[in-house]
Amino acid sequence: MFVKEADRPDTSPGPHPVDFVRAAVIEDIQSGRFEGRVHTRFPPEPNGYLHIGHAKAICIDFGIAAEFNGLCNLRFDDTNPTKEDVEYVESIREDIHWLGFDWEDRLFYASDYFEQLYQFAVQLIKAGKAYVCDLSPEEIRRGRGSLTAPGVPSPYRNRPVEENLDLFRRMRDGEFPEASRVLRAKIDMASPNLNLRDPVIYRILHASHHRTGDRWCIYPTYDYAHPLSDSIEGITHSICTLEFENHRPLYDWFLEQLGVFHSRQIEFARLNLTYTVMSKRKLLELVQAGFVSGWDDPRMPTLCGLRRRGYTPEAIKNFCSIIGVTKTNSLTDIALLEHCLRENLNKTSPRAMAVLRPLRVVIDNYPEEQVEQLEAVNNPEDPGMGTRPVPFSRVLYIERDDFREDPPRKYRRLAPGREVRLRYGYFITCTDVVKDPDTGDVLELHCTYDPATRGGAAPDGRKVKGTIHWVSAAHAVECEVRLYDRLFAVEGPSDVPADRDFKDFLNPESLVVLTGCRCEPSLATAAPGARFQFERIGYFCVDPDSTPDVPVFNRTVPLRDSWAKIEKKLATASR
RNA sequence: UACCCCGUGGUGUAAUGGUAGCACAAGUGGUUUUGGUCCACUCGGUCCAGGUUCGAAUCCUGGCGGGGUAGCCA
């Protein structure tokens, strides 16, 4: 009744469970707490690139707004000029748009409110609720007490209002060096919640801000700026992650003390995925230490990395919908993400044939100069995508994996004397194997074809066990293929023994580069970003590194491979 | 050791005092010109102990386990 059908990603029939955040929103609509309004915000700090964990938050923030006929603002939480940069602002905007969300004309910055936040602070001082503290960072830390011991009041805690006002103004005017003084909220040094032990709300930072330049040398802290920014924008539901749960009393305190519009903060559990890391610090470390090529390395869980890898926004959004929203700390199997990806790609990707590790095949009884254009279906899941011609000739390449001199049990592909179907081509039978006399390596296969099986169907009803893909040697385009796999070799790289570094668990085979691959000619002109299913192998997309001479394909995700499972089982059974 | 939060199959979630369900993963079989897709089936769960109740995954109490919190980061 409240959730608009069209905006709900999950369109399956039956009753739809409502997560606890949406339940809270519904409750507020029904009680009239915000006059029925729903207004959320996505508040990234521009100090890094967005990753799939942020995508979850974006889907919640923008998704809930859309479902309840509300609005969602994009607000950069730019209160710390020492860590932030416009480079990040740009990428964040691009990534949100790529996902398919839009903030329209509601692009804001916490720094837009610096003057107003300053005035609020003055108001707090006048009310005796904030004071300038001259203690050093170390002294403040010690005075805060510990998890079990109460803090001790600062000697400056009862500074007269006039003196606080004067000092705070002079902090703003730049009279004092960094870290010499701060403005603190006067709350409760004995509170069991450490966030309430007179938290710092303004610090002196003689740093140039990416938007306000040198206009300010005092900057508000997150705890202070966030609730007030929400209030200024009229945000009804301030949805954030679990680590801010202990900050909620402080969030509420500022709004109550100042008597301003009171947003409701709701916290949910952040996303964790197996075989990767999600912390900005660790991702930055991987980039800086050169373990990956950059923030957009296709192995990164960043949105730009996933985009370059070939992920679709639809797959990511559907994944975010499926995992739900709860307060339970969890570790989601990346297989679920890959499932969503394949589900989307299967329906949308045109098929093509590419041979990653080529093995030359000569069809001895096929005419020397003959070339046929065979018709291949572009997507069996969507006949509307049509067909394309694929050239066939006497010399082909097939996948080395598709030939075995001594085929194991259940192997359905090519072997000496065996007949297989070439996809959309002919039945061929292997008649001879040419090997390097020194190494024994298979160099080339000789086969015969059955002209009656053109297109892959046998008029006599004869069956073959296997169908393999191929390219015509004379027509194939040489290309590079980058096989990407999970970044880490262990499920929980963030949760390794204390004496080990998470980087020790990187998967040494997370990238395997194949050169000299061959793809069908229709792929020669594919534009960067274009996605394909290479039949029987996986989903691939064109990398920006591609040149007109050599296209470069990234493996987005392999196809499910039941043969690999059988082979593995045979291997373990024989041991 | 203080406060806050969380404990449902291997994983992610639903059931809002009334039949523990879905998805992924795993396994078995069927269809198939992709060992893909699709279809069918199987496996497997309420942290523990008390209490309230006709009835508890759900409410209460106490344990146990996990996470968060002592930045002038967000």
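Owing to the predicted nature of the structure, the values given are computational and were not obtained by experimental measurement.

Some details on the overall build of chain A
In step 1: Helix and strand content of chain A: 13 helices and 25 strands.
In step 2: Taken against the 2.2 N^0.38 rule, which gives 25 Å for 575 residues, the C-alpha radius of gyration of chain A at 31 Å runs more than 25% over that of a compact globule.
In step 3: Judged by the C-alpha coordinates and their principal axes, chain A covers about 100 × 55 × 45 Å.
In step 4: The contacts in chain A between residues at least 6 apart in sequence include a share of 71% that link residues at least 24 apart.
In step 5: Working note: accessible area of chain A is about 26000 Å², and carbon and sulfur atoms make up 49% of it.
In step 6: Once the 74 positive and 86 negative side-chain charges of chain A are each reduced to a mean point, those two points are 4 Å apart.

Some thoughts on unusual backbone geometry
In step 1: Positive phi values are uncommon outside glycine, yet K410 reaches one of about 70°.
In step 2: Mapping K410 onto the fold places it in the loop between strand 15 (395-399) and strand 16 (419-422).

Considerations on the packing of aromatic side chains
In step 1: With the rule as written, the count across this model stands at 24 aromatic pairs.
In step 2: Among the aromatic residues, those joined into a cluster by ring pairs are F114, Y118, F168, Y202, W216, Y219, Y224, W253 and F254.
In step 3: Across the ring face of F176, the terminal group of R181 is positioned such that the distance to the ring centre comes to 4.3 Å.
In step 4: The ring of Y109 has R211 lying over it, and the distance from NZ or CZ to the ring centre is 3.5 Å.

Brief notes about the protein's contact with RNA strand B
In step 1: With respect to spatial proximity, 66 residues lie near RNA strand B, and among them R351, R413, R421, G455 and R536 are the closest.
In step 2: Counting only atoms of RNA strand B within 4 Å of the protein, the sugar-phosphate share comes to 65%.
In step 3: Between RNA strand B and N80, the relevant distance is 3.2 Å, taken from a sugar or linking oxygen to a side-chain nitrogen or oxygen of the residue.
In step 4: One of the backbone N or O atoms of L147 is found 3.0 Å from a base nitrogen in RNA strand B.
In step 5: Breaking the surface near RNA strand B down by element, the ones donating at least two residues are helix 5 (137-143), strand 6 (200-204), helix 12 (334-348) and helix 13 (562-574).
In step 6: Among the elements that take part in the surface near RNA strand B, helix 13 stands out by supplying five residues, more than any other.
In step 7: For the surface near RNA strand B, the residue count by class is 24 nonpolar, 20 polar and 22 charged.

Regarding the sheet that holds strand 3 (residues 107-109)
In step 1: Taken in spatial order, the three strands make up an open sheet running 1-2-3, and their pairing is parallel. On the outer flanks of this sheet lie strand 1 (39-42) and strand 3, each paired with one strand and no other. Within the sheet, the average angular offset between the axes of one strand and its neighbour, ignoring direction, is 35°.
In step 2: The pairing of strand 2 (residues 71-76) with strand 3 spans three bridges and is parallel. Its bridge partner being in strand 3, R75 is matched across the sheet by F108.
In step 3: Across the sheet, helix 2 (residues 52-67) touches strand 1 and strand 2, and the angle it forms with strand 1 is around 160°.

A few points about the layout of surface pockets
In step 1: One number sums up the size of the largest pocket: a volume of about 1100 Å³.
In step 2: Forming the walls of the largest pocket are 42 residues, and the residues nearest its centre are H54, T241, E243, F244 and R270.
In step 3: Broken down by secondary-structure element, the contributors of at least two residues to the lining of the largest pocket are strand 1, helix 2, helix 7 (222-233), strand 8 (237-241) and helix 9 (280-288).
In step 4: Split into classes, the residues belonging to the lining of the largest pocket amount to 15 nonpolar, 14 polar and 13 charged.

A look at helix 8 (residues 248-258)
In step 1: By the burial criterion, the buried members of helix 8 are L250, Y251, W253, F254, L255 and L258.
In step 2: Buried-residue contacts for helix 8 involve helix 4 (114-126), strand 5 (182-185), strand 6, helix 7, strand 8 and strand 9 (264-268).
In step 3: Downstream of helix 8 by one or two residues, G259 has phi in the positive range, about 65°.

Rules used in this analysis
- Residues numbered from 1 in each chain as written.
- Chains lettered and ligands numbered in written order.
- Predicted model: local features only at pLDDT ≥ 70, side-chain atom pairs only at ≥ 80, totals over all residues.
- Heavy atoms only, no water.
- Helix = DSSP H or I, 4+ residues; strand = E, 2+ residues; numbered from the N terminus.
- Rg over C-alpha atoms; globule rule 2.2 N^0.38 Å.
- Contact = heavy atoms within 4.5 Å.
- Areas by Shrake-Rupley, 256 points an atom, 1.4 Å probe, with all protein chains shown as cover.
- Lys, Arg positive; Asp, Glu negative; His and termini not counted.
- Charge placed at Lys NZ, Arg CZ, Asp CG, Glu CD.
- Phe/Tyr/Trp six-rings, centres within 6.5 Å; stacked < 30°, edge-to-face > 60°.
- Lys NZ or Arg CZ within 6 Å of the ring centre and 35° of its normal.
- Near = heavy atom within 4 Å.
- Polar contact = N/O pair within 3.5 Å; in protein donor to acceptor, adjacent residues only side chain to side chain.
- Nonpolar A, V, L, I, M, F, W, Y, C, P; charged D, E, K, R; others polar.
- Pairing = 2+ DSSP bridges.
- Axes fitted to C-alpha atoms, helices over the stretch in contact; angles between N-to-C directions.
- 1 Å grid on protein atoms, 1.4 Å probe; cavity = no way out; pocket = protein on both sides within 12 Å on 5 of 7 lines; lining within 4 Å.
- Points joined across faces, edges and corners; volume = space filled by probe spheres on them.
- Buried < 20%, exposed > 50% of the residue type's maximum accessible area, 1.4 Å probe, protein only.

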